[in-house]
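# Secondary and tertiary structure notes
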Amino acid sequence: MKVGLLGDMHGTEFWLNRAIDEFSAANLDTVIQVGDLGVWPGNVAAGKWDRVNKRLRANGVTILCAPGNHEDYDQIEALEPRDDGWLPFRNNILLAPRGHRTEMGGRTFVWLGGAGSVDRKPRLIADSAFNRQREHYGSSQRRKSWWEQEAISDADVARTAAGGHADVIVAHEAPARVETIASRLRGNPGGFSRHDIEYADRVRNKYMEAFMAVEPALALHGHYHFAVNEEVDFGSVTTRVFGLAADGQPSSTGVLDLDTLTPTFTTGRR
Ligand SMILES: [Mn+2]
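Residues numbered from 1 in each chain as written. Predicted model: local features only at pLDDT ≥ 70, side-chain atom pairs only at ≥ 80, totals over all residues. Heavy atoms only, no water.

What follows covers the sheet that holds strand β7 (residues 107-112). The 6 strands lie next to each other as β6-β7-β8-β9-β11-β10, forming an open sheet whose pairing is mixed. Every interior strand has two partners, whereas the edge strands, β6 (100-104) and β10 (228-233), have only one. Across the sheet, the mean angle separating the axes of adjacent strands is 20° when strand polarity is ignored. For β6 and β7, the ladder comprises 5 bridges, and the chain directions are antiparallel. Across the sheet, Met 104 pairs through a bridge with Arg 107, a residue of β7. (Pairing = 2+ DSSP bridges. Helix = DSSP H or I, 4+ residues; strand = E, 2+ residues; numbered from the N terminus. Axes fitted to C-alpha atoms, helices over the stretch in contact; angles between N-to-C directions.)

This part is about the sheet that holds strand β1 (residues 2-6). The strand order β4-β5-β3-β2-β1-β12-β13 describes an open sheet built from 7 strands, whose pairing is mixed. Of all strands in the sheet, those bounded by a partner on one side alone are β4 (87-90) and β13 (262-265). Along the sheet, successive strands turn relative to each other by an average axial angle of 30°, direction set aside. Alignment of strand β2 (residues 30-33) against strand β3 (residues 62-65), held across 4 bridges, turns out to be parallel. By the bridge assignment, Gln 33 is partnered in β3 with Cys 65. Each of β1, β2 and β12 (253-257) touches helix α1 (residues 13-25); the most contacted strand, β1, lies at about 165° to it. Together, β3, β4 and β5 (93-95) form the strand contacts of helix α2 (residues 43-59), whose direction differs from that of β4 by roughly 100°. (Contact = heavy atoms within 4.5 Å.)

This is the structure:
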């Protein structure tokens, strides 16, 4: 059995449509999405997701998502879980609560969304400036682009660790000590504030607690927006860490062969 893999999309309909067509052409009916899907507030976003859902249904494709950091968690928390635990954002777009367990192709999965935003401060400043302007002109519409629920809590870690080992962890965040990631982030090339970086590191440490309890053979992630495919020795377990790029870039889509537990990029040559 094979399933599709999809990186951060940030709600960009063009890239989503292209990916859905690609998966459909490859006869993949299940797609694992690693967060920053683009669950945003407002009617424009809602209409877009209705259209995307229609396209998914027409192609017989279902997206299974571990939500990211840039998602509207107020909206996600308002979703009523199905009997099997999935949160139905749309009929063909299911969001995983943190610590959710599933099985596919004889493999066990645990899902752990969330991550700390390294751009938390500029987002909060931009939102409050925008909202002050809105108030000045008498508008009640408020902008929000940072949600505190993005952070992985102790309760999330406990729920994820409770089931013990899983073959695959699907998350937005990646494990620590992955050289491909460490080498790219060295020297803070994004110029983020030290305070926000420390906050994001604390959230990542929470992910790491859960990860070490799960000891997965494969860790899928997004968040960093570049390709990662590295086998890492974590002491008690050796794990293939596989991260997808974002927004239709090369390596933002992939395929996971569940028989061999091997992930590969499908857009690496573009
Ligand atoms: Mn992202």
